[in-house]
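Read off the chains here:
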Amino acid sequence: MRNIRLYGQFLRVAVLGKAQYKADFFVGIISVLILNAVNLSLIGVLVYNFNTLGSWNIWDLMFLYSFWMLSRGIYGVFFWHLSDLEEMIVSGAFDAYLVRPVSPFLQFIGKDISYTGVGDFLVGVLGFILAASQLGLPWHIGQWVYFIICVLSGALIQVAINWIGASLCFWTTRSGAAMSIAERFTVLMQQYPVNIFGRYFQVFVTCFLPVAFINYYPSVVLLNKAAKGIQLWHYFAPLVAFLLLGVAAFVWKKGVKRYAGTGN
């Protein structure tokens, strides 16, 4: 409970800091909206020329993309600065977290928020409303609960993947390249249905870098898109999020223990 209160106070300070630059906030939101509009336009052009992508029409893809935007927005607001860890370790700024009687991770994740995540979340909400109205989704309460759980699970999967990537710099000092590759790969995978790729690729994004659980498998369930019927493992997004967070916490803990500073 104490940690939750401290985290809330850290976030309050971060919000107050961002509030001093209102123009930057609105410019950032607008840039995110434009970027996502371009991405959706490219997907629309692709579907317009080919009618469908692996049985997914334009509104199915809008749903898939919006699903990702919702989870990415949550991740973006609170955890986008995970990539800052590399620079903090190189500069020695991370050392200050180790001498305070508060969890270093709590201090780190509470140091900042990102307004671009707000833009992503708004895109997700608008896109979902539009896609749901066109698809006429007849969901019952259980499906709505599952949808909300999977949006949160998708956000946590992204947190875990980037947390692991950031923690690697405790050993390598630099981990930006690895995080950039993982980010680009994740972005690509969330814009298109996994079933349009080869079998081995599907296995990779399901079992080794499980980004398919961020939005694809939950969408398969909610849109009933499985070619041979819904399988039990299609529901595994919350479990995958839980397991990945456990791995990420373990890697972070080991990294902090062996961290000896960079001498700066």
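For clarity, every value in this text was computed on a predicted model and none was experimentally measured.

(A) Representation of the overall build of the protein chain. Counting its secondary structure elements, the protein chain contains 13 helices and zero strands. Reading the protein chain from its N terminus to its C terminus gives the helix and strand order α-α-α-α-α-α-α-α-α-α-α-α-α. The buried share of the protein chain, taken over its 264 residues, is 46%. If you take every contact in the protein chain between residues at least 6 apart in sequence, the share linking residues at least 24 apart comes to 78%.

(B) How the structure looks around the pattern of salt bridges. Inspection of every chain in the model, using the stated rule, returns three salt bridges. Taking the shortest distance from any N to any O, the salt bridge between Arg72 and Asp120 comes out at 3.7 Å. With Arg72 in helix H3 (residues 58–79) and Asp120 in helix H7 (residues 116–135), this residue pair connects regions lying 48 residues apart in the sequence. Assessed through its relative accessible area of 9%, Asp120 is described here as buried.

(C) A look at the packing of aromatic side chains. Per the stated rule, a full pass over the model turns up 28 aromatic pairs. Between the aromatic rings of Tyr217 and Trp233, the centroid separation amounts to 5.0 Å while the plane-to-plane angle is 80°, which identifies the pairing as edge-to-face. Of the two residues, Tyr217 sits in helix H12 (residues 216–223) while Trp233 sits in the loop between H12 and helix H13 (237–258), which places them 16 residues apart along the sequence. Look at Trp233 and you get partly exposed, because its relative accessible area is 36%. Every member of this aromatic cluster is reached through a ring pair, and the members are Phe94, Tyr97, Phe105, Phe108, Trp163, Phe170 and Trp252. One residue, Lys225, lies across the ring of Trp56, its end atom 5.6 Å from the ring centre.

(D) A look at the environment of Lys111. If you trace the backbone, Lys111 turns up in the loop between helix H6 (104–109) and H7. Polar contacts involving the side chain of Lys111 include one to the side chain of Asp84, which spans 3.1 Å.

About the criteria used
- By convention here, each chain's residues receive numbers from 1 onward along its written sequence.
- Owing to the predicted nature of the model, reporting of local features is limited to residues with pLDDT of at least 70; listing and counting of side-chain atom pairs is limited to 80 or more, with chain, interface and lining totals taken over all residues.
- By convention in this description, side-chain values take in all heavy atoms of the structure and omit both hydrogens and water.
- In this text, helices come from DSSP runs of H or I with a minimum length of four residues, and strands from runs of E with a minimum of two, each type numbered from the N-terminal end.
- Note on exposure labels: buried denotes an accessible area under 20% of the residue type's maximum, exposed denotes more than 50%, and partly exposed covers the range between, all computed with a 1.4 Å probe on protein chains only.
- It only takes one pair of heavy atoms within 4.5 Å for two residues to be counted as in contact.
- Here, a salt bridge means any Lys or Arg side-chain nitrogen found within 4 Å of an Asp or Glu carboxyl oxygen.
- For Phe, Tyr and Trp, rings pair up if their centres lie within 6.5 Å, where Trp contributes its six-membered ring, and each pair is then called stacked (planes under 30 degrees apart), edge-to-face (over 60) or tilted (otherwise).
- Lysine NZ or arginine CZ positioned within 6 Å of the ring centre and within 35 degrees of the ring normal marks a charge as sitting over the ring.
- Here a polar contact means two N or O atoms within 3.5 Å. Within protein one must be a hydrogen donor candidate and the other an acceptor candidate, and residues neighboring in sequence count only if both atoms are side-chain atoms.

Read these as layout, nothing more, since geometry by itself doesn't imply function.
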